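Descriptive structure summary
The lines below spell out each chain.
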Amino acid sequence: MAKENGKSDSQNLPASIVEFIRRILKKMGYRRKVRQDVQAELTAHFEDEFKDCKTDEEKEQKAQQLITDFGDLKLLAILLRRAKKRCRPLWRTVVARTFQVIGVLILCFIIYVIWFVSGKPLITTNYVAELNQMVRPVADD
Amino acid sequence: MKFESQLLKGIAPVVVLEILSRGPMYGYELSQAIEQRSGDILTLGKGTLYPLLYNLEAKKLVKGRWEKNQSSRKRRYYSITSKGKGQLAKQKAQLRELTAGLNLVFGGALSTA
């Protein structure tokens, strides 16, 4: 499997393509192993695309054409990430969702604690006065 | 010809499944095969191919595995699963019906054009 820096498999590729793959992976994010898989696959694809190119000039021209053919880099990264996420097994989805819920709960708790600590008590009802009023003897006239 | 993306969106998975039903292929090989077998009419965008393959893999319609080819290069070969074959048969039947319906609407002009 190719390493994420791509030096092992992408030495024969033009610099613009290596940079293109690097940017896709950077935008894609997600797990390292998945990114390595995608990188290896894209590298293999580009290697095949360049197998008929003899000169560096030819390669560079083809590289520019391929980059255009691949379309919007950001959109491609989003699509790859989304598709790879769908591939993960159910248990991994459950684990991810559990951590997300825990994260949200911790965030809510932190916000509540900040609100609670930073707030100042505001007396709106004087219960002592009300109690005194209740037990105050009323003179019978 | 440049097709409407929505039109191609529904057709692309069927085309990929059909090509893969003839034998396992890797991404580049698959894109070439689609072009060749459609007489260069269908050209799946390179940026569409891999997300499409991963989506089909997520639906368990195709299965990918790393293998070395003749030139001892590692490639990810995709093969159709039994679920994929079932889905392909279903979609082919739907396409046949759709084509028949469209032919009736267009007075057979679609098949002769």
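Keep in mind it's a predicted model, so treat the numbers as computed, not measured. (Residues numbered from 1 in each chain as written. Chains lettered and ligands numbered in written order. Predicted model: local features only at pLDDT ≥ 70, side-chain atom pairs only at ≥ 80, totals over all residues.)

Section: the pairing of strand β2 (residues 62-68) of chain B
Residues and elements named next belong to chain B. Stated formally: Note on pairing: DSSP must find at least two bridges between two strands before they are called paired. Secondary structure follows DSSP: runs of H or I at least 4 residues long count as helices, runs of E at least 2 residues long count as strands, and numbering of each begins at the N terminus.
Sheet topology note: the β2/strand β3 (residues 74-80) ladder contains seven bridges and is antiparallel. Bridging across to β3, Glu67 finds its partner in Arg75. Joining the antiparallel neighbours β2 and β3 is a turn of five residues, in which Ser72 adopts a positive phi near 50°.

Quick notes on the confidence of the model for chain A
Detail in the predicted coordinates should be disregarded across regions flagged by low pLDDT. Test applied: Per residue, pLDDT measures the predictor's confidence, with a range of 0 to 100. Think of it this way: build a C-beta for each residue from its backbone, and any pair within 7 Å is a contact.
Residues with a pLDDT of 70 or more make up 91% of chain A, whose mean pLDDT is 85. This model gives residues 1-8 of chain A a pLDDT under 50, and the stretch forms 18 contacts once residues within four places in sequence are excluded.

Let's talk about the interface of chain B and chain A
Convention followed: In this classification, the charged set is Asp, Glu, Lys and Arg, the nonpolar set is Ala, Val, Leu, Ile, Met, Phe, Trp, Tyr, Cys and Pro, and all remaining amino acids, among them Gly, are polar.
With 15 residues of chain B at the interface, the matching set in chain A holds 16 residues. The set of elements that each furnish at least two residues to the side of chain B that touches chain A consists of α2 (27-37), α3 (46-58) and β3 of chain B. When residues of the side of chain B that touches chain A are assigned to their parent elements, the largest contribution, eight residues, is made by α3 of chain B. Tallied by class, residues from the side of chain B that touches chain A come to five nonpolar, four polar and six charged.

Section: the nonpolar core
Stated precisely, the cut-off is as follows: Only buried Ala, Val, Leu, Ile, Met, Phe, Trp, Tyr and Cys residues enter a nonpolar core, and they are joined through C-beta atoms within 7 Å. Field definition: a residue is buried when 20 or more other C-beta atoms are found within 10 Å of its C-beta, exposed when 12 or fewer are, and partly exposed for counts in between, with C-beta atoms placed from the backbone.
Core analysis: the largest hydrophobic core is formed by 36 residues, its most contacted members being Leu80 of chain A together with Val16, Leu20 and Tyr78 of chain B. Ranked by residue count, the leading element in this core is helix α1 (residues 15-28) of chain A, at seven residues. If sequence neighbours within four positions are ignored, Val16 of chain B has contacts with Leu30, Leu52 and Leu56 of chain B.

Structural notes on the environment of Gly64 of chain B
All names here are of chain B. On the secondary structure map, Gly64 appears in strand β2. Along the chain, Gly64 and Gly45 lie 19 residues apart, while their C-alpha atoms are 20 Å from each other. In this view, Gly64 contacts Glu57, Arg76, Tyr77 and Tyr78; residues no more than four positions away in its chain are not counted.

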